[in-house]
Structures are given as structure tokens and as C-alpha cells.
Amino acid sequence: MADVNLSASVRTEFGKGAARRLRREEKIPAVIYGHGAEPQHVALPSYDMMMALKTPNVLIHLDVDGKKQLVIPKAVQREAIRGFLVHADLLIVRKGEKVNVDIPIHVEGDLAPGQHLLEHVLVALPVEAEATHIPESVTVSVEGLAAGDSVHAHEIQLPKGTTLAIDGDDVVIQVLSAQAEEPAADEETEGTAEAPSEVAPE
């Protein structure tokens with residue numbers, strides 16, 4: 001898994017006004033929590049955090065005014081329209097401990113010939129993994145699958161040290177039969193049919 005270094009500063013002002021001031025300084029508010037510690041309110045550099053989040057479950061070596069913390073993102077809020085970062089929750093982790101995270105699912109392979117639709121029941125797989133060795137993703141092959149086939153959680157190969165955090169029988173991906181649109185029912189035409197044109201005698 002990827003890891004990055006970020007610096008943060010302790011945040012002492014709260015509310016919408018304080019958040020606007022942080023945005024003008026190209027920073028976002030965040031909360032650090034975990035291991036029974038009191039939640040710590042900090043400010044993070046917006047651009048650096050945005051780049052870090054391009055890697056799912058990125059491990060962050062955070063320097064908070066000289067104090068080192070090892071954290072992973074647990075929740076991120078974005079502005080609805082433009083998508084810029086608004087707030088982040090960061091979970092304190094330690095080397096060797098297990099954490100529950102969702103890892104992206106990548107699909108590869110071609111379905112069997114025919115009219116089939118691939119439905120992603122889950123777009124991310126809940127797993128338990130060592131905090132410093134969280135997989136970036138898992139790959140699922142759908143090669144040759146046809147309508148009615150499915151991939152269950154227990155069928156996905158996980159990296160060593162990673163285990164499922166859901167029931168192994170849960171469906172992750174399934175293949176459906178493409179349904180052709182039924183023709184629209186004929187509308188009632190009683191009393192609306194055109195009368196045959198009268199032909200004037202020569």
C-alpha cells in the first residue's frame with residue numbers, strides 16, 4: 001500500500017466562519033480519533049490531502065505541530081457540485097494492528113457471448129487487514145460468466161494477511177439477462193378511426 005507524509009496544525013476555531021477562513025488558506029478541517037484518545041481537531045493542506053486520497057485507504061504519516069501520528073482516512077466529505085474537500089475523519093492506527101476497511105473491486109475478463117448485464121452488488125469489498133498493509137484493491141474475473149452466474153465473496157482471492165469482513169456467501173457481482181423492452185400496448189382507437197374518403201363521381 002502507498003503511504004504519504006503530511007503536515008497538519010491544531011485547530012482552535014470552529015464553525016462556518018472558521019471553515020471559510022481555512023479554505024481561503026487552502027486548508028480543510030479534519031478530526032483525528034482512535035485508541036481511546038480525545039478527538040483532535042486539525043487543519044490539513046487541501047491539495048496534498050486531495051492527492052493522497054487518490055490512493056484508497058492511504059497510510060498517512062501525519063506531523064501535527066511536531067507530534068507524529070500514523071492515520072488512515074475513514075470518512076471524507078466533498079462539496080456536492082465541484083467535488084472539493086470539505087472535511088476529513090482520520091483514524092489513528094498502529095503497526096501490526098488489524099483494521100476494517102473497504103477496498104475497491106476491479107473487474108477483468110469478458111462475459112459469455114449473448115445479451116448479458118453485469119451488476120456490481122458491491123463496489124468495494126469489506127475486509128480486515130493489517131493497518132500498514134491494506135491492499136489497494138482486489139481483482140475479480142468474470143471471464144465466461146453468463147446470465148444467472150454470480151461471484152461470491154469467498155471466491156475472491158485476497159492477499160496474505162487479509163480476511164473478509166462480510167459473510168463469504170454474500171454476492172459481490174452477478175450477471176443478469178438483458179431484457180428487451182416490451183413494445184408499448186396499442187392505445188384504444190375505438191371511435192377514432194378515419195372514415196374512408198369519399199370519391200366524388202366523375
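Scope of this entry: the structure provided in the associated data block. Remember, predicted model here, so these are calculated numbers, not experimental data. (Residues numbered from 1 in each chain as written. Predicted model: local features only at pLDDT ≥ 70, side-chain atom pairs only at ≥ 80, totals over all residues. Heavy atoms only, no water.)

Turning our attention to the nonpolar core. Counting 24 residues, the largest nonpolar core has I72, V93 and L125 as the members making the most contacts within it. With four residues, strand 7 (residues 98–108) is the single largest residue contributor to this core. In contact with L125, not counting residues within four places along its chain, are V101, D102, I103, I105, V138, A153, I156, L158, L164, I166 and V172. Counting residues in each nonpolar core, the second largest holds 19 residues, with L6, A8, L90 and I92 among its members. (Core = buried A, V, L, I, M, F, W, Y, C linked by side-chain atoms within 4.5 Å. Buried < 20%, exposed > 50% of the residue type's maximum accessible area, 1.4 Å probe, protein only. Helix = DSSP H or I, 4+ residues; strand = E, 2+ residues; numbered from the N terminus. Contact = heavy atoms within 4.5 Å.)

A few words now on the sheet that holds strand 7. Taken together, four strands build an open sheet; the order of strands is 10-7-9-12 and the sheet is mixed. Each edge of the sheet is formed by a strand with only one pairing partner; in this case those strands are strand 10 (138–141) and strand 12 (163–164). The sheet contact formed by strand 7 and strand 10 spans four bridges and is parallel. Within strand 10, the position partnered with E108 by the bridge is S141. (Pairing = 2+ DSSP bridges.)

This part is about the sheet that holds strand 11 (residues 150–152). A sheet is described by the order of its strands in space; here three strands give the open sequence 8-13-11, paired in antiparallel fashion. At either end of the open sheet lies a strand with only one pairing partner, and these are strand 8 (116–120) and strand 11. Within the sheet, the average angular offset between the axes of one strand and its neighbour, ignoring direction, is 15°. Across three bridges, strand 11 lies against strand 13 (residues 171–177) in antiparallel orientation. (Axes fitted to C-alpha atoms, helices over the stretch in contact; angles between N-to-C directions.)

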